[in-house]
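Close look at the chain arrangement
Here are the chains, one letter per residue:
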Amino acid sequence: MKSKILKFPKNFLWGSATAAHQVEGNNKNSDWWEFEKKKGNIENNEVSGIAVDHYNRYEQDFDIARSLNHNIHRFSIEWARIEPEEGKFDKSKIEHYRKVIQALKERKMKVVLTLFHFTLPNWFAKKGGWENIKAVEFFLRYVEYVVKELGNEVDFWVTINEPLVYSSQSYLLGNFPPKVKSIFRFFKVVNTLITVHKESYLLIHKYFDNAKVCFSKNIPFFEPYRKEIFLDRVSAKLADYIVNDYFISKTSQYIDFFGLQYYVHSRVKFKLGGSYFNLGEEVGIETSENAIVTEMGWEIYPDGIYHALKKLQKYKLPIIITENGIADKRDEHRADFVRDHLINVHKAIQEGVDVRGYLYWSLMDNFEWIFGRRPRFGLVEIDYEKDLERRVRKSALYFSKICKNNAVDLK
Ligand code: BGC
């Protein structure tokens, strides 16, 4: 049988992503470092500790990424390292990140730099974090420092990673620090993050006219649990508006491209007295029969990435998929997962959506926030028993062929 080949556009970007706290290790001045110490906050009371020691082993890790034909890499820099005490910037940490960027450039990989990926300096958190009246000012001071130091080297900027995941986990569901459960405080933080993004965008552009700036946005695909029930349909629309549209509608004039992240599909059921969020919790993980569920309890639902891309099409901006991935320790589903999501990406491209790149989450296994080390997202396996040895998974080799050929071969 003749195999069908899905070609991707010329100069398509292929790579993977990481975040500082999840991989670097010893992020001692951050709010998460404190948070992890308290029993019950993290599954099995694990702590990030040395994480996967990427802070010291980044060259080795980038060698692997390069050998897997990646031509772009996304990572975050750690505000808590760069400004460990209020107003005191640690030059040696900026020098570290300069070397990290150089290491990517030497390997001919484009650089996507995230400024805020869920973790905060402890001093800032202690002052009330995003609820502090001077929060935006504090963040912009850090951004300006980074832009002046590293701005020349960055290809793509991500101001905030998943503002809605962050604010809902931290201020509504009470899972991430500061473990607040309040709809008012949640909305207040969301609105602050809107300002944070806009101001950061303007600041980066003040120094670099041609900068390419976005926030990265998780876009779950919401469907009514029972299509025939009007209130389920309304609830799904409301969820879609709050989680997906609200932030974008306030910021779409302040982005040069979209950073899309796609993981979940959620079936939303109306429940009296409940907010969409606890509905989401109740039924979001409800799966259709025979569905394959990942180590996160998420149903694999590749069509959702197509819907997310189509949703963004109306903005007529380029899109980079800054995260998409699966937790699958035994590597049973990862290759199919990547293939099936890319089939949907390709379909959207055929329909005119301007997708410029696909970054798998994550380059290697890492510290998965409140779930600790259990969920394994990596293209590269980490052996926690054997000095954090790196082992390239089979699916990583499958993905590397796609990167090399700029195409998915459907045998
Ligand atoms: C986050 C990552 C996280 C991944 C898997 C994304 O929302 O940006 O930090 O590891 O999801 O849960």
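A few points on the structure. (Residues numbered from 1 in each chain as written. Predicted model: local features only at pLDDT ≥ 70, side-chain atom pairs only at ≥ 80, totals over all residues. Heavy atoms only, no water.)

**Some details on the packing of aromatic side chains**
Following the criterion strictly, the structure yields 39 aromatic pairs and no others. Ring geometry for Trp-14 against Phe-399: centres 6.1 Å apart, planes inclined by 75°, an arrangement best described as edge-to-face. Here Phe-399 lies in helix H14 (residues 394–405) and Trp-14 lies in strand S2 (residues 13–17), a separation of 385 residues in the sequence. Under the relative-accessibility criterion, Trp-14 is labelled buried at 1%. Given a relative accessible area of 0%, Phe-399 falls into the buried group. On the basis of an interplanar angle of 25° and a centroid distance of 6.2 Å, the ring pair of Phe-118 and Tyr-166 is categorised as stacked. With a gap of 48 residues between them, Phe-118 in the loop between strand S4 (110–116) and helix H6 (122–126) and Tyr-166 in helix H8 (residues 163–171) connect regions that are remote in the sequence. The class for Tyr-166 is buried, based on a relative accessible area of 1%. (Phe/Tyr/Trp six-rings, centres within 6.5 Å; stacked < 30°, edge-to-face > 60°. Helix = DSSP H or I, 4+ residues; strand = E, 2+ residues; numbered from the N terminus. Buried < 20%, exposed > 50% of the residue type's maximum accessible area, 1.4 Å probe, protein only.)

**A closer look at the site of the ligand**
Residues in close proximity to the ligand total 13 residues, the closest being Gln-22, His-117, Asn-161, Glu-162 and Glu-368. At 2.8 Å, a side-chain N or O of Asn-161 approaches an oxygen atom of the ligand. Glu-162 is positioned such that a nitrogen or oxygen atom in its side chain is 2.3 Å from an oxygen atom of the ligand. Protein chains bury 94% of the 310 Å² of accessible surface belonging to the ligand in isolation. Its residues assigned to classes, the shell around the ligand shows 6 nonpolar, 4 polar and 3 charged. (Near = heavy atom within 4 Å. Polar contact = N/O pair within 3.5 Å; in protein donor to acceptor, adjacent residues only side chain to side chain. Areas by Shrake-Rupley, 256 points an atom, 1.4 Å probe, with all protein chains shown as cover. Nonpolar A, V, L, I, M, F, W, Y, C, P; charged D, E, K, R; others polar.)

**As for unusual backbone geometry**
Note that the residue after Pro-177, namely Pro-178, is joined by a cis bond; omega there is 10°. Structurally, Pro-178 is set in the loop between H8 and helix H9 (183–207). Despite not being glycine, Asp-331 has its phi angle at roughly 60°, a positive value. Relative to the assigned elements, Asp-331 resides in the loop between strand S10 (319–323) and helix H13 (334–350). A positive phi angle is found at Trp-369, which is not glycine, with a value near 50°. Among the secondary structure elements, Trp-369 is positioned in the loop between strand S11 (355–361) and strand S12 (380–383).

**Observations concerning the sheet that holds strand S5 (residues 156–161)**
With parallel pairing, the 8 strands of this closed barrel are ordered in space as S2-S3-S4-S5-S6-S8-S10-S11. Here the strands of the sheet are splayed against their neighbours by 25° on average, with no regard to which way each runs. Pairing geometry for S4 and S5, over 4 bridges, is parallel. When the sheet's bridge partners are listed, Val-112 is paired in S5 with Phe-156. Running at roughly 165° to strand S3 (residues 72–76), helix H5 (residues 91–106) makes contact with S3 and S4 of the sheet. Packed on one face of the sheet, helix H7 (residues 135–150) meets S4 and S5 and runs near 160° to S4. (Pairing = 2+ DSSP bridges. Axes fitted to C-alpha atoms, helices over the stretch in contact; angles between N-to-C directions. Contact = heavy atoms within 4.5 Å.)

**Some details on empty space enclosed by the protein**
Tallied over the full model, the rule gives 3 cavities of 30 Å³ or more. If you go around the largest cavity, you meet 13 residues; those closest to its centre are Glu-24, His-54, Phe-75, Ser-76 and Tyr-97. Among the elements of the structure, helix H1 (20–23), helix H3 (54–67), S3 and H5 are those that each provide at least two residues to the lining of the largest cavity. Class assignment of the residues belonging to the lining of the largest cavity gives a composition of 8 nonpolar, 4 polar and 1 charged. (1 Å grid on protein atoms, 1.4 Å probe; cavity = no way out; pocket = protein on both sides within 12 Å on 5 of 7 lines; lining within 4 Å. Points joined across faces, edges and corners; volume = space filled by probe spheres on them.)

**Comments concerning the pattern of salt bridges**
Going through the model one piece at a time under the given rule, you end up with 39 salt bridges. Where Arg-141 meets Glu-83, a salt bridge forms, and the shortest distance between an N and an O atom there is 2.9 Å. One end of the pair, Arg-141, is in helix H7; the other, Glu-83, is in the loop between helix H4 (79–82) and H5, with 58 residues separating them in the sequence. A salt bridge links Glu-85 to Lys-88, with the nearest nitrogen and oxygen atoms 3.5 Å apart. (Salt bridge = Lys/Arg side-chain N within 4 Å of Asp/Glu carboxyl O.)

**So, the packing of H8 against H9**
One way to put it is that H8 packs onto H9 with a least axis distance of 9 Å and a crossing angle of 150°. The angle between the axes of H8 and H9 places the two elements in the roughly antiparallel class. Where H8 crosses over H9, the two elements pack in a sense that is right-handed. Between H8 and H9, the contacting residues are Pro-163, Leu-164, Tyr-166, Ser-167, Ser-168 and Tyr-171 on the first element and Arg-185, Phe-186, Val-189, Val-190 and Leu-193 on the second. The residue inventory of the contact of H8 with H9, partitioned by class, reads 8 nonpolar, 2 polar and 1 charged. (Parallel < 35°, antiparallel > 145°, perpendicular 65-115°, else oblique. Left-handed = near helix turned anticlockwise from the far one by under 90°.)

Spatial relationships are all this shows, so hold off on functional conclusions.
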